[in-house]
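What the coordinates show
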Amino acid sequence: MSEFEESGIGEECGVFGCVAAGEWPTQLEVAKVLTLGLIALQHRGQESAGIVTCNGVNPPTYNTLKGMGLVNNAFPPENLLKLRYGNLGIGHTRYSTTGISELQNCQPFVVDTLHGKIAVAHNGELVNAAALRKKVMRHGVGLSTSSDSELITQLLALTPPMEELDAPDWVARIKNLMHETPTSYSLLVMYTDVIYAIRDPYGNRPLSIGRLVPISKLHTADTEGWVVSSESCSFQSIGAKYYREVMPGEIVQLSKHGVKSLSIVPRPEGDLPAFCIFEYVYFARPDSIFEGQMVYTVRQRCGRQLAIEAPTEADVVSTVPESATPAALGYAQQSGLPYVEVLCKNRYVGRTFIQPNTRLRQLGVAKKFGALTDNFTGKRVVLVDDSIVRGNTISPIIKLLKEAGATEVHIRVASPPIRFPCYMGINIPTKEELIANRPEFENIAGYIGATSVRYLSVEGLLSAVQGGIPSLQGKDERINTNASRRVGHCTACLTGKYPPKGFQTMYLFYASIHSKNSYCYPKRA
């Protein structure tokens, strides 16, 4: 149970889409594929889930199923039957940032436009949402929720100035949205017989494409359909093969005919991409692939780099189960120390960070660990964790280990100290609550009862993440651009340097009005 879990730091949501290939009506059970895909993304949100399917004919029929709680609870088998005629669909699993857990905020959202209905699912946070809400309302459009996703849906419904009345240009509408707000979002937009997969120009939120293959022919070139997901970890559970990522700023069309890159909206000249580095550190499942590398491998490299930067004399290396395990293994490999388990976790406690209500979170954070004393009694232990956010979680664990016989407990943290709030989709405690900004940080080892404490540096984290990314030069025929792909990561919560550069004043304004709230975060979901 890492401090990310107990401190309420969490990802906002996960999105998933599926289009059946070939002739329609399809034999592929699209609704079941969507359900399994969302289950694989459950770690990104456990409050509510929703699915919208479409038959893809003209005029199209949209069917919606939404529910509170886990995916399995939100979609009873008997309710899925009403979605069985869908040839394509999108889904969403939600973690709210405001603590408002209501069905009306559950995605995907479906709205009527001049040219028919669209359905939208969104992961992220619009950095200029307040100004955009005013713009939409000036057009006479009312908003029924506090969600950025409804705002995006209404912005897409607005007709671009150059669009003909009888010919919807969805690419133009999407581009118009992307010019209105630079970050942070990964979007799925379903219209009649296609799904548009969109990633903001800074690529802050992840989005990957997979190819569904027949279960009996996993190594065949046959294609049963196409899927798109916040994380590629969902592909294996539905019999899909990883195809590629949606690039920053890219608009991709998925249809029964295949995958087509339609356009890439550029960033301002000189700006690098800003993929959230904490997807690697904690949020993503370790078997997901970002930027051509597996998250598990990156976490191992973080552990190796940590051992280089912060060695110590010890007897064994271990971890706080379970997200820091790859980093602990990397630390052990680099240092030459044996890796052992020192804690046994009650695996039925659950991921407590996902509960938005503070009281519920505190009740769910029972320190349900058992000490595996035979592995460390009389020994010096290096305990690797992925974070120390407030310092509340690690201190009782150190006490447990010392009382059980550890002679020394050296804490090594596989990420830098978190010092700043996030305004792009991650729930982070207030700046004042973060241990790195409090006086206790000067003697954090004494404060939490450890023998020593060292963090991975920002430079070390960037080196570990970027050191394994394959060459990004050259043209990919599947992507509609001739430009070389550049690499860059958002480290704003570590450094205070937010993308895009032109929004620094706005971030300072957010910080001033939210510094006394329970979370340093613009209130949207």
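In this numbering scheme, every chain counts its residues from 1 along its sequence in written order. Per-residue local features are limited, in this predicted model, to residues with pLDDT of at least 70; the limit for side-chain atom pairs, both in listing and counting, is 80 or more; totals at the level of whole chains, interfaces and linings are taken over all residues. Computation of side-chain values: all heavy atoms of the structure, hydrogens and water removed.

Below, the discussion takes up the UniProt feature "binding site: Mg(2+)" (unreviewed entry) in the protein. Using the residue numbers shown here, the UniProt feature "binding site: Mg(2+)" (unreviewed entry) corresponds to Ser323, Asp385 and Asp386. These annotated residues cover 64 residues of sequence, and their C-alpha atoms all fall within 8.1 Å of one another, placing them together at a single site. Annotated residues from the preceding list that form part of the lining of the second largest cavity: these are Ser323 and Asp386. As for its placement among the helices and strands, aspartate 386 is situated in the loop between strand S21 (380–385) and helix H13 (394–403). For each residue, the accessible area found with a 1.4 Å probe, counting protein chains only, is set against the maximum for its type, and the residue is called buried under 20%, exposed over 50%, and partly exposed in between. When its relative accessible area of 2% is taken as the criterion, aspartate 386 is described as buried. Residues adjacent in sequence count toward polar contacts only when both atoms are side-chain atoms; beyond that, a polar contact is any pair of N or O atoms within 3.5 Å, and within protein one must be able to donate a hydrogen and the other to accept it. There is a polar contact of 3.4 Å between the side chain of aspartate 386 and the side chain of serine 387. UniProt positions are given in the numbering used here, feature names are shortened, and annotations may be inferred rather than shown by experiment. Only protein atoms enter the 1 Å grid, on which a cavity is a set of points fitting a 1.4 Å probe that cannot get out and a pocket is an open set with protein on both sides within 12 Å along at least 5 of 7 lines, lining residues being those with an atom within 4 Å of a point. Runs of E in the DSSP output that reach at least two residues are strands. Runs of H or I that reach at least four are helices, and both are numbered from the N terminus.

Below, the discussion takes up the sheet that holds strand S22 (residues 408–413). Being paired, for any two strands, means DSSP has found at least two bridges between them. Within the open sheet, the 4 strands sit side by side as S18-S21-S22-S24. Their pairing is parallel. Strands with a single pairing partner mark the edges of an open sheet, and in this sheet they are strand S18 (316–319) and strand S24 (452–455). Each adjacent strand pair in this sheet contributes to an overall mean axis angle of 25 degrees, direction not counted. With 6 bridges joining them, S21 and S22 adopt parallel strand pairing. Convention adopted: a line fitted to C-alpha atoms gives each axis, helices being fitted over their contacting stretch, and angles between N-to-C directions are expressed from 0 to 180 degrees.

Tracing the backbone shows serine 255 in strand S13 (residues 250–255). Discounting chain neighbours no more than four positions away, the residues touching serine 255 are Val19, Asp193, Val194 and Trp226. Contact between two residues is taken to exist if any of their heavy atoms lie within 4.5 Å; hydrogens are not considered.

Let's shift gears to empty space enclosed by the protein. Grid points are joined across faces, edges and corners, and a volume is the space filled by probe spheres set on the points. Following the criterion strictly, the structure yields 2 cavities of 30 Å³ or more and no others. As a volume, the second largest cavity reaches approximately 50 Å³. Along the walls of the second largest cavity sit Val281, Arg299, Cys302, Ser323, Ala324, Ala327, Asp386 and Ala414, which together make up its complete lining. Residues of the lining of the second largest cavity, tallied by class, amount to 5 nonpolar, 1 polar and 2 charged. In this classification, the charged set is Asp, Glu, Lys and Arg, the nonpolar set is Ala, Val, Leu, Ile, Met, Phe, Trp, Tyr, Cys and Pro, and all remaining amino acids, among them Gly, are polar.

At a minimum axis distance of 6 Å, the contact between helix H10 (residues 295–309) and helix H11 (residues 325–335) shows a crossing angle of 45 degrees. The orientation of H10 relative to H11 falls into the category oblique. You can see that H10 and H11 cross each other, and the crossing is right-handed. Residues Tyr296, Arg299, Gln300, Gly303, Arg304, Leu306, Ala307 and Ile308 of H10 form the contact with H11, whose participating residues are Pro326, Ala327, Leu329, Gly330, Tyr331, Gln333, Gln334 and Ser335. Among the residues making up the contact of H10 with H11, the classes are represented as 8 nonpolar, 6 polar and 2 charged. Any angle that falls under 35 degrees is termed roughly parallel, while one over 145 is termed roughly antiparallel, one within 65 to 115 roughly perpendicular, and all others oblique. Less than a right angle of anticlockwise turn of the near helix away from the far helix marks a crossing as left-handed, whereas a clockwise turn marks it as right-handed.

In these notes, a set of buried Ala, Val, Leu, Ile, Met, Phe, Trp, Tyr and Cys residues joined through side-chain atoms within 4.5 Å is what counts as a nonpolar core. Judged by nonpolar contacts, the single largest core of 47 residues is most densely connected at Phe278, Val317, Val384 and Leu461. Put simply, the parts of the chain that give this core at least two residues each are strand S15 (275–276), helix H9 (278–283), H10, H11, S21, helix H15 (458–466) and helix H16 (492–495). Counting residues in each nonpolar core, the second largest holds 45 residues, with Ala31, Cys54, Leu80 and Ile238 among its members.

For the rest of this paragraph, the subject is the packing of aromatic side chains. Only centres within 6.5 Å qualify two rings of Phe, Tyr or Trp (six-membered ring in Trp) as a pair; their planes then separate them into stacked at under 30 degrees, edge-to-face at over 60, and tilted for everything else. Evaluation of the coordinates by the stated rule reveals 9 aromatic pairs. Ring geometry for tyrosine 282 versus phenylalanine 283: centroids 5.7 Å apart, planes at 70 degrees, classification edge-to-face. Relative to tyrosine 498, the ring of tyrosine 423 has its centre 5.5 Å away and its plane inclined at 35 degrees; by these criteria the two rings are tilted. Taken together, the residues tyrosine 423 in the loop between S22 and strand S23 (426–427) and tyrosine 498 in the loop between H16 and helix H17 (504–514) connect sequence positions 75 residues apart.

Further remarks concern the sheet that holds strand S12 (residues 240–245). If you trace the 7 strands from one edge of the open sheet to the other, you get S4-S3-S5-S2-S11-S10-S12, paired in antiparallel fashion. Looking at the sheet topology across the chains shown, the edges are occupied by strand S4 (62–68) and S12. The average undirected angle you get between the axes of adjacent strands in this sheet is 15 degrees. When strand S3 (residues 48–54) meets S4, the two strands line up antiparallel, connected through 7 bridges. Its bridge partner lying in S4, serine 48 is registered against methionine 68.

Axis separation between H10 and H15 bottoms out at 8 Å; the angle between their running directions is 140 degrees. Taken as axis vectors, H10 and H15 run oblique relative to one another. The handedness of the crossing between H10 and H15 comes out as right-handed. Between H10 and H15, the contacting residues are Val298, Arg301, Cys302, Gln305 and Glu309 on the first element and Gly460, Leu461, Ala464 and Val465 on the second. Class assignment for the residues of the contact of H10 with H15 results in 5 nonpolar, 2 polar and 2 charged.

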